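A look at the structure
This is what each chain is made of:
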Amino acid sequence: MTENKTKATDASVDEYLDSRANDHQLDDCRALMSLLNKITNQQPKMWGPSIVGYGSYRYTYKSGRTGEAPLTGFAIRGRELVVYLDCEGSSKPLLPKLGKHRMTKSCLYFKQLSDLDISILEQLVVDSIDIVKCRYG
């Protein structure tokens, strides 16, 4: 089995943000950091070269593959920011109320935080963490 590339590292979150974010993104990243810290009560940690993660959990897939991942986190992806979360079940109806975004399986993409309803984003992150903890313990 191949080794998971996304692992917690000792890399500097500030250096990552300074190297990737434009001025507006940097402000949004700082606001996201404050929100995710409030929700998780965890300090940010780099996961791999480009994910700012909060907390962690161990997973085991049906295939037997195991690993560790952040409970939630975000990254800068070009002109967009992405928040990593699981939007299943009761949180899915919140997505249309969130604001201007696009959603893939576990990635919430948006251009600027001001396009989103922050209270909805907060609820989505809280729900996602609950889903992950319920699924993986």
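Remember, predicted model here, so these are calculated numbers, not experimental data.

1. Notes on the layout of surface pockets
Reported here for the largest pocket is a volume of approximately 690 Å³. What lines the largest pocket is a set of 28 residues, among which Tyr57, Tyr61, Tyr84, Leu85 and Ser106 lie closest to the centre. Among the secondary structure elements, those contributing two or more residues to the lining of the largest pocket are strand S3 (57-60), strand S4 (66-69), strand S5 (72-77) and helix H4 (118-136). By residue class, the composition of the lining of the largest pocket is 14 nonpolar, 7 polar and 7 charged.

2. Some details on the packing of aromatic side chains
On inspection of all chains with the given rule, the structure shows 4 aromatic pairs. Measuring from centroid to centroid gives 6.2 Å for Tyr57 and Tyr59, while their planes differ by 55°, and the two rings are tilted. In this structure, Tyr57 and Tyr59 share a single accessibility class: buried. One aromatic cluster in this structure is built from Tyr57, Tyr59, Tyr61 and Tyr136. Sitting above the plane of the Tyr109 ring, Arg102 keeps its charged end 4.1 Å from the centroid.

3. With respect to the nonpolar core
Ranked by internal contacts, the top residues of the largest apolar core, which has 42 residues, are Phe74 and Leu121. Top contributing element to this core by residue count: H4, with 6 residues. Leu121 has contacts with Leu32, Leu35, Leu98, Leu108, Leu113 and Leu116, leaving out every residue within four places of it along the chain.

4. Focus on the packing of helix H1 (residues 13-20) against helix H2 (residues 23-40)
Put simply, H1 and H2 touch, their axes get as near as 9 Å, and they point 150° apart. One way to sum up the angle between H1 and H2 is to call them roughly antiparallel. Seen along the crossing, H1 lies across H2 with a hand that is right-handed. The segment H1 lies against H2, with Val13, Asp14, Leu17, Asp18 and Arg20 engaging Gln25, Leu26, Cys29, Arg30 and Met33. In the contact of H1 with H2, the residues fall into 5 nonpolar, 1 polar and 4 charged.

5. So, the environment of Tyr16
Along the chain, the position of Tyr16 falls in helix H1. On the accessibility criterion, Tyr16 (6% relative accessible area) is buried. Note: C-alpha distance between Tyr16 and Lys97 (81 residues apart in sequence) is 31 Å. Once residues lying within four places of it in the same chain are set aside, the contact partners of Tyr16 are Met46, Pro49, Ser50, Val52, Ala75 and Ile76.

6. Here's the deal with the pattern of salt bridges
On inspection of all chains with the given rule, the structure shows 5 salt bridges. Among the salt bridges present, the one from Lys38 reaches Glu122, with a minimum N-O distance of 3.1 Å. Taken as a pair, Lys38 in helix H2 and Glu122 in helix H4 lie far apart in primary sequence, 84 residues in all. Glu122 sits in the partly exposed class, given a relative accessible area of 22%.

So, how was this worked out
- Residues numbered from 1 in each chain as written.
- Predicted model: local features only at pLDDT ≥ 70, side-chain atom pairs only at ≥ 80, totals over all residues.
- Heavy atoms only, no water.
- 1 Å grid on protein atoms, 1.4 Å probe; cavity = no way out; pocket = protein on both sides within 12 Å on 5 of 7 lines; lining within 4 Å.
- Points joined across faces, edges and corners; volume = space filled by probe spheres on them.
- Helix = DSSP H or I, 4+ residues; strand = E, 2+ residues; numbered from the N terminus.
- Nonpolar A, V, L, I, M, F, W, Y, C, P; charged D, E, K, R; others polar.
- Phe/Tyr/Trp six-rings, centres within 6.5 Å; stacked < 30°, edge-to-face > 60°.
- Buried < 20%, exposed > 50% of the residue type's maximum accessible area, 1.4 Å probe, protein only.
- Lys NZ or Arg CZ within 6 Å of the ring centre and 35° of its normal.
- Core = buried A, V, L, I, M, F, W, Y, C linked by side-chain atoms within 4.5 Å.
- Contact = heavy atoms within 4.5 Å.
- Axes fitted to C-alpha atoms, helices over the stretch in contact; angles between N-to-C directions.
- Parallel < 35°, antiparallel > 145°, perpendicular 65-115°, else oblique.
- Left-handed = near helix turned anticlockwise from the far one by under 90°.
- Salt bridge = Lys/Arg side-chain N within 4 Å of Asp/Glu carboxyl O.

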